[in-house]
Amino acid sequence: MIYEIFMPALSSTMTEGKITSWVKSPGDKVEKGETVVIVESDKADMDVESFYEGYLGVIITPEGESAPVGSAIAYVAETKEEIEEAKKKAAGQSAAPATNKPEEPPSKLVSAPTAASVASIPDVVVSSPRKSAPAASSGRQIVSPRAKRIAKDNGVDLTKIAGTGPNGRITAADVEAFLSPASAPAPVAAPAPAKVSAPAPAKAAAPVALGTAQSLTTLQKAVINNMNQSLSVPTFRVGYTITTDALDVLYKQVKSKGVTMTALLAKAVAVTLQKHPLVNASLSDRGIEYKSNINVAVAVAMDDGGLITPVLQNADQTDLYTLSRNWKGLVDRARAKQLQPDEYNSGTFTISNLGMFGVDRFDAILPPGTGAILAIGGSRPQVVATKDGAIKVASQMQVNLTADHRVIYGAHAAQFLQDLAKLIETNPQSLTL
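Note that the coordinates shown come from a computational prediction; the quantities given were computed from them, not determined experimentally.

Rules used throughout
Residues numbered from 1 in each chain as written. Predicted model: local features only at pLDDT ≥ 70, side-chain atom pairs only at ≥ 80, totals over all residues. Heavy atoms only, no water. Pairing = 2+ DSSP bridges. Helix = DSSP H or I, 4+ residues; strand = E, 2+ residues; numbered from the N terminus. Core = buried A, V, L, I, M, F, W, Y, C linked by side-chain atoms within 4.5 Å. Buried < 20%, exposed > 50% of the residue type's maximum accessible area, 1.4 Å probe, protein only. Contact = heavy atoms within 4.5 Å. pLDDT = per-residue confidence, 0-100. Phe/Tyr/Trp six-rings, centres within 6.5 Å; stacked < 30°, edge-to-face > 60°. Lys NZ or Arg CZ within 6 Å of the ring centre and 35° of its normal.

K.L.:
It is not clear to me how the sheet that holds strand 8 (residues 72-77) should be interpreted in this structure. Could you clarify?
P.N.:
The strands that make up a sheet are held in pairs by hydrogen bonds between backbone atoms, and each pair lies either parallel or antiparallel. The strand order across the open sheet formed by four strands is 1-8-6-3, and the pairing between neighbours is antiparallel. A strand with exactly one partner marks an edge of an open sheet, and here the two such strands are strand 1 (2-6) and strand 3 (29-30). Summarising the sheet, strand 3 and strand 6 (residues 54-59) pair through two bridges and their orientation is antiparallel. Residue Val 30 lies in a different strand from strand 6, and its bridge partner there is Gly 54.

Shown next as structure tokens:
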């Protein structure tokens with residue numbers, strides 16, 4: 001019997017996926033539940049596992065190429081004798097008109113990498129390697145499929161390698177470093193704690209030749225799709241100037257404890273949203289939906305293009321120090337493309353901060369499915385007049401709120417910004433409680 005491996009839908013916005021790498025080669029034995037291919041969705045890299053035991057007969061979509069959601073990307077033969085039959089079937093598919101649609105009904109496709117959606121798929125299972133517990137607590141090593149393949153091809157004992165990825169995950173770079181001790185120290189012994197917690201250095205982007213075109217990444221295509229959706233929403237913008245002297249003092253006090261300015265701002269926004277549930281709401285087919293949680297999403301630019309919005313869930317109820325630790329973990333996993341869907345698509349309010357680049361002010365585009373986004377500029381000394389007519393120097397930052405006018409009106413936006421400014425200017429110490 002010949003089984004088809006389909007391109008799964010790893011998120012609600014995904015229309016096509018890109019093959020990052022094939023873990024198995026044609027003719028290789030495939031065990032049930034074994035990773036066969038790694039697919040790049042619009043937000044993260046995910047493992048696709050085989051639901052059946054057999055042999056990988058033929059690969060339809062090679063590494064580096066993309067395929068629409070629901071299309072067959074490979075065939076698995078139940079026996080070795082059926083591999084030739086799988087090849088013939090693939091050849092027949094490639095010869096068919098481009099307008100032909102997959103024979104399988106849409107109900108058999110993966111809509112999201114959840115247990116419920118996986119249960120409905122007869123031929124593939126989608127999972128993320130991050131779902132494994134940390135090696136230190138479970139006694140099991142977490143190894144990326146690509147690292148497994150390199151180790152297998154070179155006869156490397158993975159137990160001798162200490163991973164530098166999230167939760168101690170062994171990456172392909174770790175195995176390659178182990179194989180080249182002259183150029184990098186072999187991580188036989190456990191690395192220093194600072195090296196484990198620090199994200200891997202980003203690779204320098206290859207220079208783009210002028211006069212050429214560069215194809216879009218899957219993530220960039222997803223961003224474009226979201227921005228096009230945003231154009232259909234009637235939005236308006238409200239700006240506000242916030243004095244940050246008191247917040248700057250607090251930041252100096254807590255910076256040594258690992259607290260970031262991002263966490264401070266996210267906490268301040270979340271606490272203010274408690275008083276303004278409408279600003280945390282969004283429009284749906286049922287009307288205005290008031291969210292039960294305050295999940296603050298923060299825009300992060302990716303090194304290879306595009307952006308993603310990791311979500312600090314229940315930010316209003318999480319203490320500042322835990323919030324900072326959570327944020328660091330989210331950013332590390334976002335850079336490694338290992339975020340779970342609920343870690344980037346569950347935001348109820350979004351922050352976009354360009355202050356670290358020296359930007360004074362800017363407007364942000366409203367993400368689909370939310371009611372508001374706050375654009376934050378840099379804080380800098382300004383000469384200001386006091387109420388008694390004196391002049392002083394104060395640090396100030398400009399913030400602009402972009403809101404869905406179908407849900408939020410000007411007065412609602414202004415009152416939210418007033419309360420946010422009051423919290424930051426007069427009582428930022430309450431954020432540490």
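K.L.:
Is there a simple way to explain the nonpolar core in this structure?
P.N.:
Where a protein is soluble and globular, its nonpolar side chains tend to be buried together. Residues Phe 349, Leu 374 and Ile 408 are the most contacted members of the largest nonpolar core, which totals 55 residues. Per-element tally for this core: the top contributor is helix 9 (residues 261-273), with eight residues. In contact with Ile 408, other than residues within four places in its own chain, are Phe 236, Leu 278, Val 279, Gly 371, Ala 372, Ala 403 and Ala 413. Grouped together as the second largest cluster of nonpolar side chains are 16 residues, Met 7, Trp 22, Val 36 and Val 37 included.

K.L.:
Before we go on, may I ask you to explain unusual backbone geometry in this structure?
P.N.:
Negative phi characterises most residues that are not glycine, and trans characterises most peptide bonds. A positive phi is found at Asn 314, a non-glycine position, where the angle reads about 50 degrees. Structurally, Asn 314 can be placed in the loop between strand 16 (311-312) and helix 10 (320-335). Positive phi values are uncommon outside glycine, yet Lys 337 reaches one of about 55 degrees.

K.L.:
Looking at this model, I keep getting lost on the environment of Thr 20. Mind explaining?
P.N.:
Considering the arrangement of structural elements, one finds Thr 20 in strand 2 (residues 16-22). Linking Thr 20 and Ile 38, residues 18 residues apart in sequence, is a C-alpha distance of 5.4 Å.

K.L.:
Would you explain the confidence of the model for the chain in this entry?
P.N.:
Interpretation of the predicted coordinates at a detailed level should be avoided for regions scoring low in pLDDT. Confidence in the prediction of the chain, expressed as mean pLDDT, is 79, and 78% of residues score 70 or more. Long-range and interchain partners of residues 97-139, a stretch whose pLDDT sits below 50, account for 82 contacts in this model, where long-range means more than four residues apart. Note on residues 182-203: pLDDT is under 50 here. Beyond four places in sequence and across chains, it has 20 contacts.

K.L.:
What is the right way to look at the packing of aromatic side chains in this model?
P.N.:
Counted by the stated rule, this structure contains one aromatic pair. Their ring planes at 50 degrees and their centres at 5.7 Å tell us that Phe 349 and Phe 416 sit as a pair that is tilted. Taken together, the residues Phe 349 in strand 17 (residues 349-353) and Phe 416 in helix 11 (residues 410-426) connect sequence positions 67 residues apart. Per residue, the accessibility class of Phe 349 equals that of Phe 416, and both read buried. Across the ring face of Tyr 55, the terminal group of Lys 29 is positioned such that the distance to the ring centre comes to 5.5 Å.

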